[in-house]
Amino acid sequence: MPIEKLAEEYRRGRRFFDSQDYIGAARILAPVVAAAPDNLAARLLLARAYYHSAQLGRAEAELRLVLERDPAEGYACLLLGRTLQRRNRPKDAEPYLRMHAAMTGE
């Protein structure tokens, strides 16, 4: 997919996300991430769309990939912690929530 088309699709996915159509956003963003797997902004937005549409397994997978590539991504730590909490895995969530708190001072 040409870079211009990727950028256009990312903006389209962002509009769907901003209008709270999280399933629609995920459908648009998944091919963007597949075509540009190193684009962490697109991957994080896709993870957020998955989280808000209760596709928690997919959200967890995307967030783990974000954190593999950028361990200092504080929002990914927070969202992964919350995702794990929603999946009834509070013990697994604790390290990510602690890391986010350490990064932000919260």
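Every value quoted in this text rests on a predicted model; they were computed, and no experiment measured them.

A. Examining the environment of serine 53 more closely. Mapped onto the elements of the fold, serine 53 is located in the loop between α3 (40–52) and α4 (56–69). Remark: the alpha-carbon pair of serine 53 and alanine 26, spanning 27 residues in sequence, is separated by 8.7 Å. Residues within four places of serine 53 in sequence aside, it is in contact with Tyr22 and Ile23. At a separation of 2.8 Å, a polar atom in the side chain of serine 53 contacts the main-chain carbonyl oxygen of alanine 49.

B. View of the packing of aromatic side chains. Throughout the structure, instances matching the rule amount to one aromatic pair. Plain terms: the ring middles of phenylalanine 17 and tyrosine 22 are 5.0 Å apart, the flat faces sit at 65° to each other, and that makes the pair edge-to-face. A relative accessible area of 6% means that phenylalanine 17 is categorised as buried. If you follow arginine 86 out to its NZ or CZ, it ends over the ring of tyrosine 51, 4.6 Å from the centre.

C. Seen up close, the nonpolar core. Counting residues in hydrophobic clusters, the biggest one holds 28 residues, and the most contacted among them are Phe17, Leu46, Leu63, Leu67, Ala76 and Leu80. Ranked by residues supplied to this core, first place goes to α3 with eight residues. Leave out the neighbours within four places in its chain, and leucine 63 touches Leu44, Ala47, Ala76, Leu79, Leu80 and Thr83.

D. Structural view of α3. Here α3 is 13 residues long and its end C-alpha atoms lie 18 Å apart, about the 18 Å a rise of 1.5 Å per residue gives. Considered for burial, the residues of α3 that qualify are Ala42, Arg43, Leu44, Leu45, Leu46, Ala47, Ala49, Tyr50 and Tyr51. Along its buried surface, α3 packs onto α1 (3–18), α2 (22–35), α4 and α5 (74–86). A side-chain oxygen of the first residue of α3 lies 3.1 Å from the backbone nitrogen of alanine 41; this N-cap is asparagine 39. With its phi angle positive at about 60°, alanine 54 sits one or two positions after the end of α3.

What counts and how
Each chain has its residues counted from 1, running along the sequence as written. Totals for whole chains, interfaces and linings use all residues, but because this is a predicted model, local features are given only for residues with pLDDT of at least 70 and pairs of side-chain atoms are given and counted only at 80 or more. Calculation of side-chain values draws on the structure's entire complement of heavy atoms; hydrogens and water are dropped beforehand. Here a helix means four or more residues in a row that DSSP labels H or I, a strand means two or more in a row labelled E, and each is numbered from the N terminus. Pairs of residues are marked as contacts when any of their non-hydrogen atoms sit within 4.5 Å. Counting of polar contacts relies on pairs of N or O atoms within 3.5 Å, with two restrictions inside protein: one atom must be capable of donating a hydrogen and the other of accepting it, and residues adjacent in sequence are counted only when both atoms are side-chain atoms. Stacked, tilted and edge-to-face are the three classes assigned to paired rings of Phe, Tyr and Trp, where Trp is represented by its six-membered ring and a pair needs centres within 6.5 Å; plane angles under 30 degrees give stacked, over 60 edge-to-face, the rest tilted. For the exposure calls, accessible area comes from a 1.4 Å probe over protein chains only, and a residue counts as buried if that area is under 20% of its type's maximum, exposed if over 50%, partly exposed in between. To sit over a ring, a charge needs its Lys NZ or Arg CZ within 6 Å of the ring centre and within 35 degrees of the ring normal. Each nonpolar core is a collection of buried residues, namely Ala, Val, Leu, Ile, Met, Phe, Trp, Tyr and Cys, held together in the definition by side-chain atoms within 4.5 Å. A helix is expected to span 1.5 Å for every residue after the first.

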